Amino acid sequence: GPPDTLCIVLNVSKSRLTILTALSSSQSLNIIRGDFPPSSKETFFRLLTAQLFIICFPTGVDPVNPSLRTSGCSDKRCPAKPPRGRYAEWNRTSRHLIRVIKPRRTPLHPSAPFPRGTAGHVIGAEGEGSAAPAFSGPGIGAVQLPAGALCAGRAGSGPALLLLPLAFRERMMWPRRAGALGWWLLLLRLAHGVTGGRPCSPKRFGRDALVCVCNSTYCDTHEPVSLPPAGFFVRYETSKSGKRLERSQGAFRRQAAPPDLVLVLEETQRYQTVKGFGGSVTDAASINILSLTPDTQNHLLRSYFAEDGIEYNMIRTPMGSCDFSTRPYSYADWPEDYELEKFSLAMEDLKMKIPVIQRAKAMSKKPISLLASPWTSPIWMKTNNDWKGRGFLKGEAGSKIHKAWANYFVRFLDEYAKYNLTFWAITAENEPTAGMIANYPFQCLGFTPEQQRDFIAFDLGPALANSSHKDIRLIILDDNRVQLPHWAKVVLSEDSEARRYIHGIGLHWYLDFIAPIEDTVAPTHQLFPDYFLLFTEACTGSLFWEQAVVLGSWDRGNRYSRSILANLNQNVIGWVDWNLALDLEGGPNWVKNYVDSPIIVDVGSDTFYKQPMFYHMAHFSKFIPEGSQRIGLSIVQRYGTCGLEHVALIRPDGAAVVIILNQTGKTISFGLSDKVGLIEAEIPPNSIQTYLWRRE
């Protein structure tokens, strides 16, 4: 570290804290080693992921004016120090003193971001990646050298040090109850936060149309989720004005006059347990991802699945071809092959979908649940002998074609299992009502609710139950909610033999505007509470009057959040988006049924754009892990209307998470009330916020 500084290197994991070494910059002396098991401090250790931290304490020697001509130093000679009250940027890799900055005299408040150039602000870095804002280059740290200052940082591939003068402690409005431990925890978490993410590289396609640009050398990232100390909260905000998961924090207030609008967590009101959030690996998505250079591919997949991305934990994939393929195909295109002797996966599976799914699973620190859906059977099994248009399975339930189609599901699961891909769930058919429509333009297979009930009862249910995949979840409908509750009443009726094989009901959103959720999803849950509800497909740009791709559309992101909030508040356990990535046209799609996607790929420039839809999804997928449970959130207000949409959940780690959407054009002040205190907050116009805090 800098001269006249004592640095302690800490290895912090979920289970223990180890002081690796403590070094004085004036002498390489091992001062102390220690190993501290969690014991009574278990809470402290749980909030930290495995990291290597450096905490530096200036020893108080009066600084001298630096020589800015310093080009570097050896292990025995460190960079000169700046004058008192100034800050130096110091490259820990090359040991170069970069420049000296004089801070403004700006007071700090814990709920406000550190102003640039102010004590406590992380100063920008130089080096590789320096085109991005602060802390994009390797080994770069900001170090405050005057006596009485405290700095903290993290070693590793990311850069490094956080500044906070101890003299500011008395002027900050922190609750006394936080105590010394709270301060140390906060400093460690701040250090973790500032080094964990890379900011958006923005590009505008109109006044309010902003995307974040990624390529082979740069892509924005987001620090792993970390809980603040007790008594504090963290807030993430995305807005039409340009914020993208911007992190801030503040403290609860114990004694304060409540604002006019207060949202109160109701812990005793318990609802569904959340499965998760994700997107779909189609042929088109795979083509677009694999068309990029390897580094850009990794950035795209990490953006969705890695800990420094938005942490999807669900993937849906078609069982065979769909409209987002470049050709129609099945796995058994040989007529009258009832025993499926020539069944084989397609090139699109072996070269595209399977490798992409495997890479996504390898990048994720969380288990990823796979969901499969068939669009059509082989055409020789269909009444119309065609991929598209009105067509059903030949014969009746229990016939040899129905048996062959049921065994087709099992063979698909068998083949994917050979690549270590095991499915959590499968749907009986994607949009079964599409196959009842004459001249339907792409792959489909028609079922009435009665036909689906009988196919499951006599064919698909027994085939799965007698296979090695007997634990897979079987989902019915997988179609627009306008079919509810009628579809569920038929398939899950008390005298239905199918109901014992079924676990859940899948929902699409394409006709939501004519089917209110209160009249469809709500009564279905009331009638069949033992069957989960899962949102399995959505996309924007699909209606005939809509433009397929609208780069940077805030409204389309809003539509995602509105749908997710509405569905969560009606006991839906998860929300799965359609294509992970499409091209600038909204494809490829063999029938030109182009739509939009949270990520749009520009193959010609080896670039992809993260749209507002991506960041709206992030406010849910990154902060609501599998196993979270929705709780009540009541509204207390003195006048007017709320104007906000919201949901509250308790995570498996016991923390609270609240997501709030403001679609209005005005800032709304509100309070969040929980047993730990009151958060006084406001949400800007056209923005979404996620709040996270400990409830211990």
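This one's a predicted model, so the numbers in the text were calculated from it and none came from an experiment. (Residues numbered from 1 in each chain as written. Predicted model: local features only at pLDDT ≥ 70, side-chain atom pairs only at ≥ 80, totals over all residues. Heavy atoms only, no water.)

**Some remarks on the environment of Ile679**
For step 1, the next point in the chain: Along the chain, Ile679 turns up in strand 30 (residues 677-683).
For step 2, the next point in the chain: A relative accessible area of 0% places Ile679 in the buried class.
For step 3, the next point in the chain: Measuring from C-alpha to C-alpha, the distance between Ile679 and Phe232 comes to 9.1 Å, with 447 residues separating the pair along the chain. (Helix = DSSP H or I, 4+ residues; strand = E, 2+ residues; numbered from the N terminus. Buried < 20%, exposed > 50% of the residue type's maximum accessible area, 1.4 Å probe, protein only.)

**Things to note about the pattern of salt bridges**
For step 1, the next point in the chain: The tally for this structure, following the rule as stated, stands at 29 salt bridges.
For step 2, the next point in the chain: Residue Glu223 is joined to Arg247 by a salt bridge in which the shortest nitrogen-to-oxygen separation is 3.2 Å. Residue Glu223 is located in the loop between strand 11 (210-214) and strand 12 (232-239), and its partner Arg247 is located in strand 13 (residues 246-251); the two are separated by 24 residues in the primary sequence.
For step 3, the next point in the chain: For Arg559, the salt bridge identified is with Glu546, shortest N-O distance 2.9 Å. With Arg559 in helix 10 (residues 554-568) and Glu546 in the loop between strand 21 (532-537) and helix 10, this pair connects stretches of sequence that are 13 residues apart. (Salt bridge = Lys/Arg side-chain N within 4 Å of Asp/Glu carboxyl O.)

**Quick word on the side chain of Ser303**
For step 1, the next point in the chain: Relative to the helices and strands, Ser303 is located in helix 4 (residues 294-305).
For step 2, the next point in the chain: Residue classification places Ser303 among the buried positions, given a relative accessible area of 4%.
For step 3, the next point in the chain: Discounting chain neighbours no more than four positions away, the residues touching Ser303 are Cys219, Gly309, Ile310, Phe608, Lys610 and Phe614. (Contact = heavy atoms within 4.5 Å.)

**Comments concerning the state of the cysteines**
For step 1, the next point in the chain: Under the criterion given, the structure shown has two disulfides.
For step 2, the next point in the chain: Note that Cys200 is cross-linked by a disulfide to Cys212, the S-S spacing being 2.1 Å. Handedness of the Cys200-Cys212 disulfide follows from its S-S torsion of about -110°: it is left-handed. Of this pair, Cys200 sits in the loop between helix 2 (179-196) and strand 10 (202-204) while Cys212 sits in strand 11, and the two are 12 residues apart along the sequence.
For step 3, the next point in the chain: The residue that forms a disulfide with Cys214 is Cys219, at a sulfur-sulfur distance of 2.1 Å. Looking down the S-S bond of the Cys214 and Cys219 bridge, the torsion is 65°, so its handedness is right-handed.
For step 4, the next point in the chain: Owing to a relative accessible area of 0%, Cys214 belongs among the buried residues under this scheme. (Disulfide = S-S within 2.5 Å.)

**Section: the environment of Leu340**
For step 1, the next point in the chain: Note on placement: Leu340 falls in the loop between strand 16 (314-318) and helix 5 (347-363).
For step 2, the next point in the chain: The spacing of Leu340 and Asn407 is 67 residues in sequence and 8.1 Å in space, taken between C-alpha atoms.
For step 3, the next point in the chain: Apart from the residues lying within four places of it in its own chain, the contact partners of Leu340 are Ala332, Met381, Ala404, Asn407, Tyr408 and Arg411.

**What about the nonpolar core?**
For step 1, the next point in the chain: Grouped together as the largest cluster of nonpolar side chains are 134 residues, with contacts concentrated most on Trp405 and Phe412.
For step 2, the next point in the chain: In terms of residues, this core owes the most to one element, helix 6 (residues 400-417), which gives 10 residues.
For step 3, the next point in the chain: Trp405 has contacts with Met319, Pro374, Thr376, Ser377, Pro378, Met381, Leu393, Glu429, Leu445, Phe447 and Phe455, leaving out every residue within four places of it along the chain.
For step 4, the next point in the chain: If you look at the next biggest cluster of nonpolar residues, it comprises 23 residues, including Phe252, Leu261, Ile668 and Ala681. (Core = buried A, V, L, I, M, F, W, Y, C linked by side-chain atoms within 4.5 Å.)

**Focus on the packing of helix 6 against helix 7 (residues 449-465)**
For step 1, the next point in the chain: Across the interface, helix 6 lies against helix 7 with an axial gap of 9 Å and an inter-helix angle of 30°. Classified by the angle their axes make, helix 6 and helix 7 are roughly parallel. The crossing of helix 6 and helix 7 is right-handed. Where helix 6 approaches helix 7, its residues His402, Lys403, Trp405, Ala406, Asn407, Phe409, Val410 and Leu413 are matched on the opposing element by Phe455, Phe458, Asp459, Leu460, Ala463 and Leu464. (Axes fitted to C-alpha atoms, helices over the stretch in contact; angles between N-to-C directions. Parallel < 35°, antiparallel > 145°, perpendicular 65-115°, else oblique. Left-handed = near helix turned anticlockwise from the far one by under 90°.)

**Digging into helix 5**
For step 1, the next point in the chain: The terminal C-alpha atoms of helix 5, which comprises 17 residues, lie 24 Å apart, in line with the 24 Å expected from a rise of 1.5 Å per residue.
For step 2, the next point in the chain: Maximum bend of helix 5: about 35°, positioned at Lys353, with proline Pro355 one to four residues after it.
For step 3, the next point in the chain: Considered for burial, the residues of helix 5 that qualify are Glu348, Asp349, Met352, Lys353, Ile354, Val356, Ile357, Ala360 and Met363.
For step 4, the next point in the chain: Check the buried side of helix 5 and you find it contacts helix 3 (283-290), helix 4, strand 16, strand 17 (369-373) and helix 6. (Expected span 1.5 Å × (residues − 1). Bend = angle between axes of the 7 residues up to and from the residue.)

**Observations concerning the packing of helix 4 against helix 5**
For step 1, the next point in the chain: Their axes nearest at 9 Å, the elements helix 4 and helix 5 cross at an angle of 60°. With respect to helix 5, the element helix 4 is oriented oblique. Considering how the two elements wind past one another, helix 4 and helix 5 form a crossing that is right-handed. Contacts from Pro294, Gln297, Asn298, Leu301, Arg302 and Phe305 of helix 4 reach helix 5 at Val356, Arg359, Ala360 and Met363.
For step 2, the next point in the chain: In terms of residue class, the contact of helix 4 with helix 5 is built from six nonpolar, two polar and two charged. (Nonpolar A, V, L, I, M, F, W, Y, C, P; charged D, E, K, R; others polar.)

**Topic: the pairing of strand 29 (residues 668-674)**
For step 1, the next point in the chain: Within strand 29, five of the seven residues are buried, which leaves the element mostly enclosed by the surrounding structure.
For step 2, the next point in the chain: Direction of pairing for strand 29 relative to strand 30: antiparallel, over a ladder of seven bridges. Its bridge partner being in strand 30, Asp674 is matched across the sheet by Gly677.
For step 3, the next point in the chain: The hairpin turn running from strand 29 into strand 30, its antiparallel successor, is two residues long. (Pairing = 2+ DSSP bridges.)

**A few points about the side chain of Asp512**
For step 1, the next point in the chain: On the secondary structure map, Asp512 appears in the loop between strand 20 (504-508) and helix 9 (517-527).
For step 2, the next point in the chain: In this structure the side chain of Asp512 is engaged in a polar contact, spanning 3.3 Å, whose partner is the side chain of Arg481.
For step 3, the next point in the chain: Residues within four places of Asp512 in sequence aside, it is in contact with Arg481 and Phe535. (Polar contact = N/O pair within 3.5 Å; in protein donor to acceptor, adjacent residues only side chain to side chain.)

**A few points about the sheet that holds strand 11**
For step 1, the next point in the chain: Spatially, 10-11-25-24-23 is the arrangement adopted by the five strands of the open sheet, whose pairing is mixed. The sheet is open, and its two edges are formed by strand 10 and strand 23 (582-583), each paired on a single side.
For step 2, the next point in the chain: The strands touched by helix 4 within the sheet are strand 24 (599-602) and strand 25 (607-610), with strand 25 carrying the most contacts at an inclination of about 20°.

**Here we look at helix 9**
For step 1, the next point in the chain: Along helix 9, the positions that sit buried rather than exposed are Ile517, Thr520, Val521, Ala522, Pro523 and Thr524.
For step 2, the next point in the chain: For helix 9, the secondary structure elements touched by its buried residues are helix 8 (486-491), strand 20, strand 21, helix 10 and strand 22 (572-579).

**Some remarks on the packing of aromatic side chains**
For step 1, the next point in the chain: The full count for this structure, using the stated rule, is 34 aromatic pairs.
For step 2, the next point in the chain: Taken together, a centroid distance of 5.6 Å and an interplanar angle of 80° make the contact between Tyr338 and Trp380 edge-to-face. With a gap of 42 residues between them, Tyr338 in the loop between strand 16 and helix 5 and Trp380 in the loop between strand 17 and helix 6 connect regions that are remote in the sequence.
For step 3, the next point in the chain: Exposure remark for Trp380: the relative accessible area of 9% places this residue in the buried category.
For step 4, the next point in the chain: An aromatic cluster of at least three residues, connected via ring pairs, comprises Tyr329, Tyr331, Phe343, Trp405, Tyr408, Phe409, Phe412, Tyr416, Phe423, Phe447 and Phe455.
For step 5, the next point in the chain: Sitting above the plane of the Tyr271 ring, Arg630 keeps its charged end 3.9 Å from the centroid. (Phe/Tyr/Trp six-rings, centres within 6.5 Å; stacked < 30°, edge-to-face > 60°. Lys NZ or Arg CZ within 6 Å of the ring centre and 35° of its normal.)

**Let's talk about a nonpolar patch on the surface**
For step 1, the next point in the chain: On the surface, a cluster of nonpolar side chains totalling about 690 Å² of accessible area is made up of Val482, Leu511, Phe513, Ile514, Phe544 and Trp545.
For step 2, the next point in the chain: Tracing the sequence through the fold places Ile514 in the loop between strand 20 and helix 9. (Patch = residues over 30% accessible without salt bridge, like charges linked within 9 Å, V, L, I, M, F, W, Y side chains within 5 Å. Areas by Shrake-Rupley, 256 points an atom, 1.4 Å probe, with all protein chains shown as cover.)

**Section: the confidence of the model for the chain**
Close reading of the predicted structure is inappropriate where its pLDDT is low.
For step 1, the next point in the chain: With 71% of its residues at a pLDDT of 70 or more, the chain shows a mean pLDDT of 80.
For step 2, the next point in the chain: The low-confidence segment residues 1-6, where pLDDT is below 50, has 32 contacts with residues more than four positions distant or belonging to other chains. (pLDDT = per-residue confidence, 0-100.)

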